[in-house]
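Given next are the chains, with one letter for each unit.
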Amino acid sequence: MTTTTRRGARALRATPLLPLLALLLTACSSSPADADRVAEETSASPSPAPSPSIDPANFVDEIDNPYLPLAPGTGHHFDGICTHGKQTMVTEVTQDRENILGVSTLVVRERQHCQGEQPTELRHFYAQDEGGNVWYFGRDTGTAHGSWRAGMDGAQPGVVMLAEPMEGEIYQQQFAPDVAENEAKVISLNEDLAISLGRFSEVLKIRETSRLDPEVITEKYYGKELGLIRSQRVQGGDDNLELADITGVD
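Quantities reported herein were computed from a predicted structural model and do not represent experimental measurements. (Residues numbered from 1 in each chain as written. Predicted model: local features only at pLDDT ≥ 70, side-chain atom pairs only at ≥ 80, totals over all residues. Heavy atoms only, no water.)

Enquirer: Tell me about the layout of surface pockets, and please be specific about residues and values.
Expert: In this model, the largest pocket occupies a volume close to 1700 Å³. Forming the walls of the largest pocket are 50 residues, and the residues nearest its centre are Glu-110, Gln-112, Leu-122, Arg-139 and Lys-220. Its residues assigned to classes, the lining of the largest pocket shows 21 nonpolar, 21 polar and eight charged. (1 Å grid on protein atoms, 1.4 Å probe; cavity = no way out; pocket = protein on both sides within 12 Å on 5 of 7 lines; lining within 4 Å. Points joined across faces, edges and corners; volume = space filled by probe spheres on them. Nonpolar A, V, L, I, M, F, W, Y, C, P; charged D, E, K, R; others polar.)

Here you go:
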């Protein structure tokens, strides 16, 4: 496959795959809200499960979406809290590839440890299309529980990050029946966020929900050229993670 540059990805966003995965709704406010407000804003009718026709020729080798750049050799360290106390999460973008539905996906390893619980290790499978959208093709938990792969048992790939997010846009992130059925809604593209690494502006805010666990709502914040910088559960718990360090960056 030929690698597409970021400039090319922006120009090619109008790919035939997009109408299959996004449902545009009225934009909602990006101001902080209590649980009732969050639930009200999230109660839009869910979009249907995607049925994308995957053409491997529409995918490129490099993942350079500015909100989710995945350069091999890059690592991200997150600190936060969970139900029992402190938690950490470390992600590593590997050089490994997995062929799923004919697409060469990039493997990202994740290690997470919540105090009082056994550590978990996952492998996630990502690929970027010519339009700049980052697709999610599945995850491997090391066991049958929680694992899924596009093309098996009714599972379909979803989109974990849009090339050009728009406020109010809803899209399917994961669809593996009775395993992972997650959606995301773009809340804002202009958040200001301060964490231990510094203060960031023009931050993308996304709200994630699951049909399988509708009581849980998580908000995630993405910085340009950084990726995920904060994850905060706003309903169904108070778990959170913040970016503490990045390794492998020049």
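Enquirer: Tell me about the confidence of the model for the protein chain, and please be specific about residues and values.
Expert: Model confidence for the protein chain is summarised by a mean pLDDT of 84, while 78% of its residues fall at 70 or above. Predicted confidence for residues 1-35 stays below pLDDT 50, and this span has 90 contacts to residues more than four positions away or in other chains. Throughout residues 42-50 the model reports pLDDT below 50, and contacts reaching past four residues in sequence, or to other chains, amount to 23 contacts. (pLDDT = per-residue confidence, 0-100. Contact = heavy atoms within 4.5 Å.)

Enquirer: Explain unusual backbone geometry to me, using residue names and the numbers behind them.
Expert: The phi angle at Asp-178 is positive, at roughly 65 degrees, despite the residue not being glycine. One non-glycine residue, Glu-225, lies in the positive phi region at around 65 degrees. With respect to the helices, strands and loops of the structure, Glu-225 is situated in the loop between strand 13 (217-223) and strand 14 (227-235). Residue Glu-225 is classed as partly exposed on the basis of its relative accessible area, which comes to 46%. (Helix = DSSP H or I, 4+ residues; strand = E, 2+ residues; numbered from the N terminus. Buried < 20%, exposed > 50% of the residue type's maximum accessible area, 1.4 Å probe, protein only.)

Enquirer: Requested: an account of the nonpolar core, with residues and values cited.
Expert: Ranked by internal contacts, the top residues of the largest apolar core, which has 45 residues, are Leu-70, Tyr-126, Phe-137, Met-161, Tyr-222 and Ile-229. The leading source of residues in this core is strand 11 (residues 180-195), at five residues. Leaving out residues up to four positions away in the same chain, Ile-229 has contacts with Leu-193, Ile-195, Phe-200, Val-203, Tyr-221, Tyr-222, Gly-223, Leu-241, Glu-242 and Leu-243. (Core = buried A, V, L, I, M, F, W, Y, C linked by side-chain atoms within 4.5 Å.)

Enquirer: Explain the environment of Asn-190 residue by residue, including any values.
Expert: For Asn-190, the position within the fold is in strand 11. For Asn-190, a relative accessible area of 55% translates into the label exposed. Placed 15 residues apart in sequence, Asn-190 and Lys-205 show a C-alpha to C-alpha distance of 8.0 Å. Setting aside residues no more than four positions away along its own chain, Asn-190 makes contact with Glu-202 and Val-203.

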